[in-house]
Amino acid sequence: KRLVSLLCGCEAALKARTALFVGFVQALRAQLAFAPPDFFDDELSADNFLRSALGGLAARAGAEPLAKAEGQQALAPALAAELARLRAFALERFRIDIEVDLADEDEDEPTVVELPTDR
């Protein structure tokens, strides 16, 4: 649980440790294949750590268009392909879009506000 949460929350490592994340996303998808189709809807399992973890991973990976616009390095093609497979798998198996349905799961997190420094 902690390892999944850690990896899904590491934005910088998505680019720095591509091979690690490719293997992680493959393993995560393989493990999710054992979950029942109603895993994210069932009363007993709907409120689990995977909702926020997958939502966080999708949000970090989904920030790529912004990163490209700012001239930063994009995700490696292999990792982008694995994330696309995970998204397609979740959509087919659980009828959820991890980029849309789970992206706002961290609404209780603190918000960082930058104040103007023109004093």
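All values reported here derive from a predicted model rather than from experimental measurement.

Draft legend 1. Focus on the side chain of Asp-97. Tracing the chain through its elements places Asp-97 in the segment after α6 (77–94). Within the structure, the side chain of Asp-97 is placed 2.7 Å from the side chain of Arg-87, a separation counted as a polar contact.

Draft legend 2. Local environment of the packing of helix α3 (residues 18–32) against α6. With their axes 9 Å apart at the nearest point, α3 and α6 run at an angle of 15° to one another. By the angle class used here, α3 and α6 are roughly parallel. Crossing angle aside, the handedness with which α3 passes α6 is left-handed. Of the residues in α6, those touching α3 at Thr-18, Phe-21, Val-22, Val-25, Gln-26, Leu-28, Arg-29 and Leu-32 are Ala-78, Leu-79, Glu-82, Leu-83, Arg-85, Leu-86, Phe-89, Arg-93 and Phe-94. Split into classes, the residues belonging to the contact of α3 with α6 amount to eleven nonpolar, two polar and four charged.

Draft legend 3. Representation of the nonpolar core in the model. Ranked by size, the top nonpolar core spans 29 residues in total, and within it Phe-24, Leu-32, Leu-57, Leu-79, Leu-86 and Phe-94 carry the most contacts. Those elements that place two or more of their residues in this core are α1 (2–8), α2 (13–16), α3, α4 (49–62) and α6.

Draft legend 4. Looking closely at the state of the cysteines. If you walk through the whole model with that rule in mind, you get zero disulfides. Cys-8 forms no disulfide, and the closest cysteine sulfur to it belongs to Cys-10, at a distance of 9.1 Å. Relative accessible area serves as the criterion here: at 25%, Cys-10 is assigned to the partly exposed category.

Draft legend 5. Representation of the environment of Leu-28. With respect to the helices and strands, the residue Leu-28 is situated in helix α3. Each C-alpha atom of the pair Leu-28 and Leu-86 lies 8.4 Å from the other, and the pair is 58 residues apart in sequence. Aside from chain neighbours lying at most four places away, what touches Leu-28 is Leu-50, Leu-54 and Leu-86.

Draft legend 6. Examining the packing of α3 against α4 more closely. Packing of α3 against α4 brings their axes to within 14 Å, and their N-to-C directions diverge by 145°. Between α3 and α4 the crossing geometry is left-handed. Facing Phe-24, Val-25, Leu-28 and Leu-32 of α3, the residues of α4 in contact are Leu-50, Leu-54 and Leu-57. Here the contact of α3 with α4 is built from residues that sort into seven nonpolar, no polar and no charged.

Draft legend 7. Inspection of the environment of Ala-13 at higher detail. Along the chain, the position of Ala-13 falls in helix α2. Ignoring anything within four residues of it in the chain, the contact list for Ala-13 reads Thr-18 and Phe-21.

Quick notes on the rules
Residues numbered from 1 in each chain as written. Predicted model: local features only at pLDDT ≥ 70, side-chain atom pairs only at ≥ 80, totals over all residues. Heavy atoms only, no water. Helix = DSSP H or I, 4+ residues; strand = E, 2+ residues; numbered from the N terminus. Polar contact = N/O pair within 3.5 Å; in protein donor to acceptor, adjacent residues only side chain to side chain. Axes fitted to C-alpha atoms, helices over the stretch in contact; angles between N-to-C directions. Parallel < 35°, antiparallel > 145°, perpendicular 65-115°, else oblique. Left-handed = near helix turned anticlockwise from the far one by under 90°. Contact = heavy atoms within 4.5 Å. Nonpolar A, V, L, I, M, F, W, Y, C, P; charged D, E, K, R; others polar. Core = buried A, V, L, I, M, F, W, Y, C linked by side-chain atoms within 4.5 Å. Buried < 20%, exposed > 50% of the residue type's maximum accessible area, 1.4 Å probe, protein only. Disulfide = S-S within 2.5 Å.

Just geometry here; none of it tells us what the structure is for.
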